[in-house]
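Here is how the chains run, residue by residue.
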Amino acid sequence: MFRLLRRMRRDERGQAMVIGAVAMLVLAVSVMASVSIGHGVYEKIKLQDAADAQAYSIAVKEARAYNFLAYTNRAMVVHYSAMLTVMSYVSHAVYLDQTLRSAASVLKYIPVIGAVFAAVEAALKFWKSAVEVVSRVLIPILTGLNIALWLAQEAMLYSTLLDLVTSDGNTVIQGTDPKAQVGVAMTHGTGGGNPGLSVLRAVTSTNYSNLKNFLHPLDDGPHSSGSVDLSDPTGTGTRSKLLRDNKLSDPDMAKYRLLMGNLANAVRRRWTAEGEGPVLIGRRWNLSLCLALFQVRIAKTADSQIKSFHEDFENNRKDQLYAADDIQIRVRPACFIGRWRTVFQLRFRAAADAQGGFHQEFGRRKTDDHHDWTGITPFVTSDPSFIRPWQYHFGYPCNVTVLSKDMGAVSGANNAPFQMKNLSENAFMKNVSGRIDAEGEIVGDGFLDMTWKYVGGYRMANGDFDDDADHFRQTTGGMMAIAVGRAVYHRPGEWKEEPNFFNPLWTARLAPVKTHWEDSAMRLMIREWDLSAGWFRNAFNY
């Protein structure tokens with residue numbers, strides 16, 4: 001018996017088995033920990049991808065809406081330029097009718113060559129009639145097209161707003177991560193479906209924030225620090241006054257009328273703006289004759305532009321499509337010396353306005369009322385807000401997407417995407433301290449828990465439970481992702497133009513999460529946010 005005991009004590013066989021068992025346990029724990037951590041990283045990547053996709057998708061919608069505004073505004077400017085060109089033809093036709101046609105009506109009685117002047121008279125008479133008929137038809141059509149384009153702008157704004165408010169991004173988010181939940185998990189981790197329009201506790205609804213930031217670059221939109229008037233969120237009612245009142249004394253009306261009028265005047269062709277052409281039949285020419293006793297200069301000038309008048313001017317004319325072709329005869333007593341003196345002036349002018357338009361031919365005598373025009377029609381313009389750029393995003397709209405995922409931090413193993421709860425339930429993995437957590441379970445220090453049950457921490461330095469961490473778990477289910485998208489005005493090369501709705505240069509991109517209106521969300525979710533921000537301010541003298 002004693003011999004057997006001595007032999008067993010000296011026997012070294014089986015030692016590797018003990019070491020192997022311990023090593024296998026450590027290896028198994030390491031593998032399981034790696035798998036759990038890897039799966040958590042995978043789930044977070046998927047959730048962040050879903051948030052990025054949704055934020056970028058919203059930014060694309062905003063950029064698409066702004067580019068649509070730019071295209072339609074440019075089309076309106078082209079239409080106004082076409083109206084001015086038409087009125088230039090009318091004015092020029094009146095000039096030809098009152099000069100060359102009048103002369104031809106007399107010269108046609110000259111033998112032999114009279115037939116030529118008769119043909120000139122008939123051609124000019126036909127040209128004047130044709131130009132007037134075309135202008136009377138074309139100007140109302142172009143005006144109607146501009147009103148239709150404005151209505152299309154308003155429809156685009158409202159449809160984009162409706163998409164931002166009512167859509168929680170199921171198509172984009174669920175297609176990227178089916179387990180993602182929009183906003184905060186208001187079901188507190190019960191996996192009860194997508195909450196849609198949710199509120200991040202004290203923070204404003206993310207959809208409302210997206211709506212507001214989409215609107216604030218509009219000239220009639222809210223400021224980032226303001227609120228949206230839901231009765232007229234896009235300012236349609238303000239812009240529609242152009243069709244009803246159209247008062248230049250109203251600042252809102254003045255800014256629309258003067259901006260669009262100036263833009264239309266800026267893109268006029270040279271022939272429309274100042275005239276050009278050969279002597280006698282052109283819109284602008286000079287003829288200087290040096291006679292024996294005096295010098296004569298005949299100057300033909302032209303002009304066409306959109307004018308905006310005060311509502312009390314000449315029976316409330318307001319906006320006018322104006323065109324002029326004038327002749328001025330000046331003389332001076334000797335060639336190349338002396339002062340010029342005007343001896344004759346003949347004005348040929350045409351205008352279209354709300355009072356029926358007119359042809360003004362001699363002095364102040366007005367004839368041939370026609371060419372109705374309602375004036376500048378509404379359009380959507382932008383407010384780049386460079387007064388407080390850090391608050392108004394430099395005229396760029398931002399949108400925020402907040403997603404969460406139930407990782408079983410509150411609801412347990414049944415709803416969690418992946419966990420190893422048996423590791424925490426195995427007493428071998430615990431260092432029991434006797435503390436009781438919020439659910440009445442015994443907890444310990446240093447045990448390996450891979451259930452997301454204590455994500456964010458479970459107790460503070462004084463031994464009390466961390467209410468912030470518990471709040472994070474309750475509202476997110478254990479995992480959260482935030483992304484910010486932004487519609488930006490792309491300026492290629494040395495482009496210096498401010499953001500506006502007249503050039504279709506808007507594009508989408510992701511932006512830093514830290515912007516002024518989700519700062520409160522960061523403070524709510526991350527305790528160290530204010531502390532780290534203070535460090536940066538002190539370090540960089542911000």
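Preceding this section is the structure that the text describes.
Residues numbered from 1 in each chain as written. Predicted model: local features only at pLDDT ≥ 70, side-chain atom pairs only at ≥ 80, totals over all residues. Heavy atoms only, no water.

1. Some thoughts on a nonpolar patch on the surface
Quick reminder of the rule: Like charges are joined within 9 Å and nonpolar side chains (Val, Leu, Ile, Met, Phe, Trp, Tyr) within 5 Å, but only among residues with over 30% relative accessible area and no salt bridge; these make up the patches. Residue burial considers only the protein chains on display, and all accessible areas are found by Shrake-Rupley using a 1.4 Å probe. Salt bridge, as applied in this entry: a Lys or Arg side-chain nitrogen positioned within 4 Å of an Asp or Glu carboxyl oxygen. The helix count covers DSSP runs of H or I at least four residues long, the strand count covers runs of E at least two residues long, and both are numbered beginning at the N terminus.
Residues Val-279, Leu-280, Ile-281, Leu-287, Leu-289, Leu-291, Leu-293 and Phe-294 make up a contiguous nonpolar surface patch of roughly 700 Å² in combined accessible area. Topologically, Ile-281 is positioned in the loop between helix H9 (270–273) and strand S2 (285–290).

2. Details of the environment of Trp-373
Threshold: Contacts between residues were defined by any pair of non-hydrogen atoms, one from each residue, lying within 4.5 Å. Here a polar contact is recorded for every N or O atom pair within 3.5 Å, except that within protein the pair must consist of a potential hydrogen donor and a potential acceptor, and residues adjacent in sequence are included only if both atoms are side-chain atoms.
Within the fold, Trp-373 resides in the loop between strand S7 (365–367) and helix H10 (389–392). Sequence spacing of Trp-373 and Gln-355 is 18 residues, and the spatial spacing of their C-alpha atoms is 8.1 Å. In contact with Trp-373, other than residues within four places in its own chain, are Tyr-80, Met-83, Ile-139, Thr-143, Ile-306, Asp-319, Gln-320, Leu-321, Ala-352, Asp-353 and Ala-354. Polar side-chain contacts of Trp-373 include one of 3.3 Å to the side chain of Thr-143.

3. Remarks on the nonpolar core
The line we're drawing: Side-chain atoms within 4.5 Å link the members of a nonpolar core, which is a set of buried Ala, Val, Leu, Ile, Met, Phe, Trp, Tyr and Cys residues. Under the scheme applied here, a residue whose accessible area is under 20% of the maximum for its type counts as buried, over 50% as exposed, and between as partly exposed, the area being computed with a 1.4 Å probe on protein chains only.
If you look at the biggest cluster of nonpolar residues, it comprises 27 residues, and the most contacted ones within it are Tyr-80, Met-260, Ile-306, Leu-321 and Trp-373. Elements represented by at least two residues in this core include exactly helix H2 (15–107), helix H3 (114–166), helix H8 (251–266), strand S4 (319–332) and strand S5 (341–353). With eight residues, the top contributor of residues to this core is H2. Of all hydrophobic cores here, the second largest spans 20 residues; its members include Phe-214, Val-228, Val-380 and Tyr-489.

4. Looking at the pairing of S4
What counts here: When DSSP finds at least two bridges between two strands, those strands are taken to pair.
The element S4 is largely enclosed, with a buried count of eleven among its 14 residues. Where S4 meets S5, twelve bridges bridge the pair, whose relative direction is antiparallel. Each bridged residue has a counterpart across the sheet, and for Ala-324 the counterpart in S5 is Arg-349.

5. Focus: the pairing of strand S8 (residues 398–406)
The buried count for S8 comes to nine of nine residues, which makes it a mostly enclosed element. Residues Cys-398, Val-400, Val-402, Ser-404 and Asp-406 of S8 are buried on one face, and the alternating residues Asn-399, Thr-401, Leu-403 and Lys-405, pointing to the opposite face, are buried as well.

6. What about the sheet that holds strand S12 (residues 506–511)?
The strand order across the open sheet formed by four strands is S1-S8-S11-S12, and the pairing between neighbours is antiparallel. The open sheet has two edge strands with one neighbour each: strand S1 (181–182) and S12. Two strands pair when backbone bridges link them, and strand S11 (residues 478–489) and S12 are joined in this way by six bridges, in the antiparallel orientation. Bridge pairing in S12 links Val-488 to Thr-507.

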